[in-house]
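Reading the structure
So you can see what is in the structure, the chains are spelled out below.
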Amino acid sequence: MKHMGLAVLLFTATGCLHLHRPAPVAPPEVAQGIQFPEWSKAASTTLQGPQLKALQIALDDFMPPGRKAPGDADPMTRCLFQLATYDAWVQRGDKMTFIHFTPLEDERCGLRSEAMDAGASYAVSDDGVILKRE
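My aim in this report is to walk through the structure given alongside it, one point at a time.

Each helix and strand in the chain was counted, giving four helices and six strands. The 134 residues of the chain split such that 19% are buried. Considering only residue pairs separated by 6 or more positions, the chain has 43% of its internal contacts joining residues 24 or more positions apart. For the chain, the accessible area works out to roughly 10400 Å², and carbon and sulfur atoms hold 58% of it.

Next up, the structure:
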């Protein structure tokens, strides 16, 4: 079944409205040329379930689905509104996960930043509550 490219609105278990946009999928001829690696812990980065959940919660808060830079935004602002500008650092705590989003605007956008740190840090509990953000 082909995706129509329409956004789907879902109500989550908490009753919040969540915007879901299906990811674009490559045509079969592209997929045919892709070979998956042999999966191993030594060659992979593993996020355990609570970390993965925390990352999604923090990411949805940091860059809500559908968020866009204002139409008259300068190049730096447009860069900072793009998810691909950021790296995420994830550390496990006691029944929580710490996440820090840090921008690499020099490398990813070709812009020199004067901002101290345009990223954000989160502490998210294993039950999905943002305990702190800064």
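The tally for this structure, following the rule as stated, stands at four salt bridges. A salt bridge links aspartate 126 to arginine 92, with the shortest nitrogen-to-oxygen separation between them at 2.7 Å. With a gap of 34 residues between them, aspartate 126 in the loop between strand 5 (120-125) and strand 6 (130-133) and arginine 92 in strand 3 (residues 86-92) connect regions that are remote in the sequence. Note on aspartate 126: relative accessible area 27%, which makes it partly exposed.

Glancing now at the state of the cysteines. Per the counting criterion, the structure on display carries one disulfide. Cysteine 79 shares a disulfide with cysteine 109; S-S distance 1.9 Å. An S-S torsion of about 85° defines the bridge between cysteine 79 and cysteine 109 as right-handed. Remark: cysteine 109 occurs in helix 4 (residues 105-109) and cysteine 79 occurs in helix 3 (residues 75-80); sequence separation between them is 30 residues.

Calculation notes
Residues numbered from 1 in each chain as written. Predicted model: local features only at pLDDT ≥ 70, side-chain atom pairs only at ≥ 80, totals over all residues. Heavy atoms only, no water. Helix = DSSP H or I, 4+ residues; strand = E, 2+ residues; numbered from the N terminus. Buried < 20%, exposed > 50% of the residue type's maximum accessible area, 1.4 Å probe, protein only. Contact = heavy atoms within 4.5 Å. Areas by Shrake-Rupley, 256 points an atom, 1.4 Å probe, with all protein chains shown as cover. Salt bridge = Lys/Arg side-chain N within 4 Å of Asp/Glu carboxyl O. Disulfide = S-S within 2.5 Å.

As far as function goes, none of this settles anything; it's purely spatial.
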